[in-house]
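Observations on the model geometry
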Amino acid sequence: MAQITVTINDRSFRMACDDGEEERLLGLAQRFDDSISSLRENFGEIGDQRLTVMAGIMVTDHLAEVERKLKAAEGRIEELGKAEASVEERLAAQEQRYLSRIEALEAEHREKEAKVVARLLESADKIEQLGADLDNELREEESAA
């Protein structure tokens, strides 16, 4: 455990902190001391204890405001997450509708294609029959002539 000395309101305080946290704690102490100095500039010498209490309240007020903003941001993130899920659900439903429609169109296309092929085969059979009939007529005419 590390030991550091911080100065707040022109007084030194020895403090313990986890190893590696020294710079962070010194920075926090400096910010708190800056708050006290700012209050002293605005209100003059009103007593160390009163300045410390006022600085503590200022810091707590700032913390409360940050917590309020954080809670609002978390709420907004949750709303966005729900909206995203809703959009994803709608997209999935739309995709399913499109896939169903594509499958229906493909089935309709296969059915029409099968009908066209069947008609072509019927036409080919008729043409072959006509050709055979013409051949027979020509042979009969040639035989008769």
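Presented here is a report on the structure given in the accompanying data block. Note that the coordinates shown come from a computational prediction; the quantities given were computed from them, not determined experimentally.

Comments concerning the overall build of the protein
For the protein, the count of helices and strands is two helices and two strands. Reading the protein from its N end, one meets helices and strands in the order β-β-α-α. Relative to its length of 145 residues, the protein is extended, with a C-alpha radius of gyration of 45 Å against a globular reference of 15 Å. Structurally, the protein occupies a C-alpha span of about 140 × 30 × 20 Å along its principal axes.

Looking at a negative patch on the surface
On the surface, a cluster of negative charge is contributed by Asp133, Glu137, Glu140, Glu141 and Glu142. Mapped onto the secondary structure, Glu141 falls in helix α2 (residues 48-144). A relative accessible area of 53% places Glu141 in the exposed class.

Observations regarding the nonpolar core
Of all hydrophobic cores here, the largest spans eight residues; its members are Ile4, Val6, Ile8, Ala29, Ile36, Leu39, Leu51 and Ala55. Going through the elements one at a time, β1 (2-8), α1 (22-43) and α2 are the ones with two or more residues in this core. When neighbours within four sequence positions are excluded, Ile8 is seen to be in contact with Phe13, Ala29, Phe32, Asp33 and Ile36.

Some thoughts on a nonpolar patch on the surface
Judged by side-chain polarity, Tyr98, Leu99 and Ile102 come together as a nonpolar surface patch covering roughly 300 Å² of accessible area. Tracing the backbone through its elements, the reader meets Leu99 in helix α2.

Topic: the pattern of salt bridges
Counted under the stated rule, the structure contains eight salt bridges. Across the pair Glu45 and Arg40 runs a salt bridge whose closest N-O atoms are separated by 2.9 Å. Taking the shortest distance from any N to any O, the salt bridge between Glu111 and Lys115 comes out at 3.7 Å. A residue pair is termed a helical-turn pair when its members lie 3 or 4 positions apart in one helix, as Glu111 and Lys115 do in helix α2 at four residues.

Some details on the packing of α1 against α2
For the pair α1 and α2, the least separation of the axes is 9 Å and the interaxial angle reads 115 degrees. Here α1 and α2 pass one another in a crossing that is right-handed. Only Asp48, Leu51, Thr52, Met54, Ala55, Gly56, Met58, Val59 and His62 of α2 make contact with α1, whose side of the interface consists of Arg31, Phe32, Ser35, Ile36, Leu39, Arg40 and Phe43. Here the residues of the contact of α1 with α2 are counted per class, giving nine nonpolar, four polar and three charged.

Topic: α1
Compared with the 32 Å implied by 1.5 Å per residue over 22 residues, the 31 Å span of α1 between its first and last C-alpha is a close match. Residues of α1 that are buried: Ala29, Asp33, Ser35, Ile36 and Leu39. All buried residues of α1 lie within an arc of 145 degrees about the axis, which places them on one face of the element. Seen from the buried face of α1, the exposed residues on the opposite side, beyond 90 degrees, are Glu23, Arg24, Arg31, Glu41 and Asn42. As for α1, its buried residues are in contact with β1 and α2.

Calculation notes
- Residues numbered from 1 in each chain as written.
- Predicted model: local features only at pLDDT ≥ 70, side-chain atom pairs only at ≥ 80, totals over all residues.
- Heavy atoms only, no water.
- Helix = DSSP H or I, 4+ residues; strand = E, 2+ residues; numbered from the N terminus.
- Rg over C-alpha atoms; globule rule 2.2 N^0.38 Å.
- Patch = residues over 30% accessible without salt bridge, like charges linked within 9 Å, V, L, I, M, F, W, Y side chains within 5 Å.
- Areas by Shrake-Rupley, 256 points an atom, 1.4 Å probe, with all protein chains shown as cover.
- Salt bridge = Lys/Arg side-chain N within 4 Å of Asp/Glu carboxyl O.
- Lys, Arg positive; Asp, Glu negative; His and termini not counted.
- Charge placed at Lys NZ, Arg CZ, Asp CG, Glu CD.
- Buried < 20%, exposed > 50% of the residue type's maximum accessible area, 1.4 Å probe, protein only.
- Core = buried A, V, L, I, M, F, W, Y, C linked by side-chain atoms within 4.5 Å.
- Contact = heavy atoms within 4.5 Å.
- Axes fitted to C-alpha atoms, helices over the stretch in contact; angles between N-to-C directions.
- Left-handed = near helix turned anticlockwise from the far one by under 90°.
- Nonpolar A, V, L, I, M, F, W, Y, C, P; charged D, E, K, R; others polar.
- Expected span 1.5 Å × (residues − 1).
- Arc of directions from axis to C-beta.

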